[in-house]
Amino acid sequence: MPNLYGLLNIGQSALLTHQKALDVTGNNIANVNTPGYSRQRLVIKQGDTVRVNNLNMSTGVSADPGIQRYYDQFLEDQLINENETLGRWESQKEALEKIELMFEDAEGYGLSTAMNDYWNAWQDLSNNPSGVAERTTLLSASQHLASTFNQLHSNITNLQGDIDAHVTNLTKEINEMADKVAVLNQKIVEVEVGGHNANDYRDERDQLVFELSKKLDINSYEDGDGYLNIDVGNGKPLVQGTSTWNLITQDNGGVQDVHWQNKDATTVNITTSISGGELKGWIEARDSFLDSYLTQLDDLANTIRGDVNGVHTAGLDLNSNAGLDFFTGTGAVDLAVSTFIAADTDLIAAAAAGEGVPGGNGTAIAIANLQNSAPMAGGSTYNEYFNSFVGKIGSDVQSANFNHDHQTTMVQSMEEHRQEVSGVSLDEEMINLVKFQHGYNAAAKLITTANEMIDSLMAMAG
Amino acid sequence: MRVTNKLMADKVNYQLARQTELMTRTQEKIITGKRINRASDDPSGMSSVLSYRSTLSGLEQFTENITKGKLHIDSVDSVLQTTTDLLREAKAIAFDPAPDRRAELAAEVGVIRQQLLDMANYKIDGKYAFSGDTTNTTPYNSTTWTYNGDGGTKDMIVGKNMNTSVTADGRQIFGPDGDNMFDILNDLESGLALDDPVAIKSQISRIDAAVDRITSVRAKNAGVNKRLDAAENHYAYYKNSVEGMLSKTEDADVAQAIINFKVQQTTYESTLATSSMILQKSLIDFLR
């Protein structure tokens, strides 16, 4: 048997439900540009039918308390993976591009030019072995060569220092983000235990995890209670439920290693287990690329020093004394012209043993000809070695650039996929707005109609 | 495909950023005129560029060495020319042309000897040219008439691992001690002073031998000079071709770059134009 008051109830449920639907639509519109926001939809269903006296009685409409969130976990996981790789290439590209600038020889002011000038200065000396001008020129060319080596070395080590600072900052940021995830874990579980969906908290948490994945590679999984757990570096927990662990950096022979700190303050070095994210990019640039550049630079400096000294000490200076070590030092870092030679260019040995002075130029010729010898790895001359070294740096940068570009496109297109699923379309929302507004208006009309019917009834009774 | 507003905006952003980057790169090529502005633009090209530059720098140095070497040989040659002329004058005297003027001729021989001494002690660029490597030791003096230098040669680098040398040992040019041109002139002078025609005439063959010695040194030097000329010409040619290779490797094809820039600009502008149309309109504009 139909019931007038039942009609009022139906009108009320329709009003409230449409109001809620408008609420959700409004929220979608408001968050159209919010990063990480997933569009939401009110799940509306028909009210349970009540059977009274063999008659079906409708009870209107009701909304599910859990508002649906458009979201694709598979896509999200993929995006996290790709983002880890993007972070790695991004920081590697940044580090290597800085190095490339330091070896900038396109304008001809670099080590290659310094070496050319150095060998040429010995040839000039061979043309005029006793010339003061030639000796002074040679001295300054040698000092320029040595200081170019020093400069390149300190540029690289400075960059390694900058990278260390980056690594330390990153671990701090990671710790803060882990703390936020733990707080959100708690909020989500508290909300959802009541049957509601903590959509906004989940969006926030997913966005955090997404940002975290750019900093280092993580392994994240949600447990049955809704807690998101995160492992890092070979299965060490970073977040578990509402507790977090910290990452710290510790000095290891001049570079900062990343350690995972347990609750009892013991630490485990996870530097080599990090396989993605900005941390990986920085560490890889610092420990693989920059270190090998330093080794190559040292190789070159040491070979030049050893070879030149070998010939020079066998020669005779202007005073007919055996030549001193021309260069001193232990590598590119401290390569320098002998202080004695720097103070007195007469000590430069131009003559070979057995030659007369000051006209003998056998040593000058022998040292100038060293540039054609092939003492470096792979049977290359000093210049060839350095040139291919610059080429190596260039191709390292090129591949980092290439990988970065490729990865950016990758992440970009996955983001598009995510937007397809989770993004807000204003057109859709406008349609929903119109739809729910009409529903709301009609529900209001229903109540008015029910009201008029009750009025008529009351008039009859009066 | 479900297209959302943020997706459209993100895509436009991404495309515009990419186009801007491409245009900046192309513009850099146009401004610098270079195709390779950093090693990563073309790593192997950059290696070649550096190696071409080293080659050029080496060629310039070799050319400079050769210029200096030729200058040295030219100076030596003119000294030896004068020496030969002086020896010929002495030879004329050794023919004993005027037996009644022997005392006068003896004095003339003394003058020639002094001039020869000046030639043997000739300095190029402040350094003795004929005292071997001991370039600040006077090769000959007028008391002993013996050689004071050493056996060193004037060496120079004329190419990759290519050295050449010219004689700087006074003994090889002016004769061994005891039979050098000063000894000959001393003997000639004393023959004239002692009115000894046999002693005078016996110097003719010795002077001829001395002239021959100098001629052979000059011939050797001329040979070296010729080689230097050849090397210099070769370097000039080689330098040209290396410069060509360098330019081919590192220089941008500016015309091509400008065309590329125009194309990129067109793409950029059309992205802007279409974006403004897409982004402006939505259903909101039609729901009034």
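Residues numbered from 1 in each chain as written. Chains lettered and ligands numbered in written order. Predicted model: local features only at pLDDT ≥ 70, side-chain atom pairs only at ≥ 80, totals over all residues. Heavy atoms only, no water.

Participant: Describe the overall build of chain A, and please don't skip the residues or the numbers.
Facilitator: A count of helices and strands for chain A gives ten helices and 17 strands. Taken over the C-alpha trace, chain A has a radius of gyration of 38 Å; the compact-globule value for 462 residues is 23 Å, which it surpasses by more than 25%. Along the three orthogonal principal directions, the C-alpha set of chain A runs to about 140 × 50 × 35 Å. For chain A, the proportion of its 462 residues judged to be buried stands at 50%. Within chain A, contacts between residues at least 6 apart in sequence are counted, and of these 67% link residues at least 24 apart. If you sum the accessible surface of chain A, you get close to 20,000 Å²; carbon and sulfur atoms cover 52% of it. (Helix = DSSP H or I, 4+ residues; strand = E, 2+ residues; numbered from the N terminus. Rg over C-alpha atoms; globule rule 2.2 N^0.38 Å. Buried < 20%, exposed > 50% of the residue type's maximum accessible area, 1.4 Å probe, protein only. Contact = heavy atoms within 4.5 Å. Areas by Shrake-Rupley, 256 points an atom, 1.4 Å probe, with all protein chains shown as cover.)

Participant: Tell me about the packing of helix H2 (residues 73-102) of chain A against helix H5 (residues 199-215) of chain A, and name the residues and values.
Facilitator: Residues and elements named next belong to chain A. Following both chains from N to C, one finds H2 and H5 inclined at 35°, their axes separated by 7 Å at the closest point. Across from Glu76, Leu79, Ile80, Asn83, Glu84, Leu86, Gly87 and Glu90 in H2, the residues of H5 making contact are Asp206, Val209, Phe210, Ser213 and Lys214. Taken together, the residues of the contact of H2 with H5 sort by class into five nonpolar, three polar and five charged. (Axes fitted to C-alpha atoms, helices over the stretch in contact; angles between N-to-C directions. Nonpolar A, V, L, I, M, F, W, Y, C, P; charged D, E, K, R; others polar.)

Participant: Can you tell me about the side chain of A:Lys93, naming the residues and giving the values?
Facilitator: Residue and element names in this part refer to chain A. If you trace the backbone, Lys93 turns up in helix H2. Of the polar contacts made by the side chain of Lys93, one reaches the side chain of Asn401; its length is 3.3 Å. Apart from the residues within four sequence positions on either side, Lys93 is in contact with Ala400, Asn401 and His404. (Polar contact = N/O pair within 3.5 Å; in protein donor to acceptor, adjacent residues only side chain to side chain.)

Participant: Give a description of the sheet that holds strand S11 (residues 246-252) of chain A that names residues and reports values.
Facilitator: Pairing between the strands of a sheet is mediated by backbone hydrogen bonds and can be parallel or antiparallel. Residue and element names in this part refer to chain A. Read across the sheet, three strands follow the order S11-S12-S13 without closing on themselves; strand pairing throughout is antiparallel. Each edge of the open sheet is held by one strand with a lone partner, namely S11 and strand S13 (267-269). Strand-to-strand twist of the sheet, defined as the mean angle between neighbouring strand axes without regard to direction, takes the value 40°. Of the strand pairs in this sheet, strand S12 (residues 255-261) and S13 are connected by three bridges, and their pairing is antiparallel. Bridging across to S13, Trp260 finds its partner in Val268. (Pairing = 2+ DSSP bridges.)

Participant: Talk me through helix H6 (residues 197-250) of chain B; I want residue IDs and the actual numbers.
Facilitator: Helix length check: H6(B) (54 residues) gives 78 Å between terminal C-alpha atoms against 80 Å at 1.5 Å per residue, within 8%. Of all bends in H6(B), the biggest is about 25°, found at B:Ser205. (Expected span 1.5 Å × (residues − 1). Bend = angle between axes of the 7 residues up to and from the residue.)

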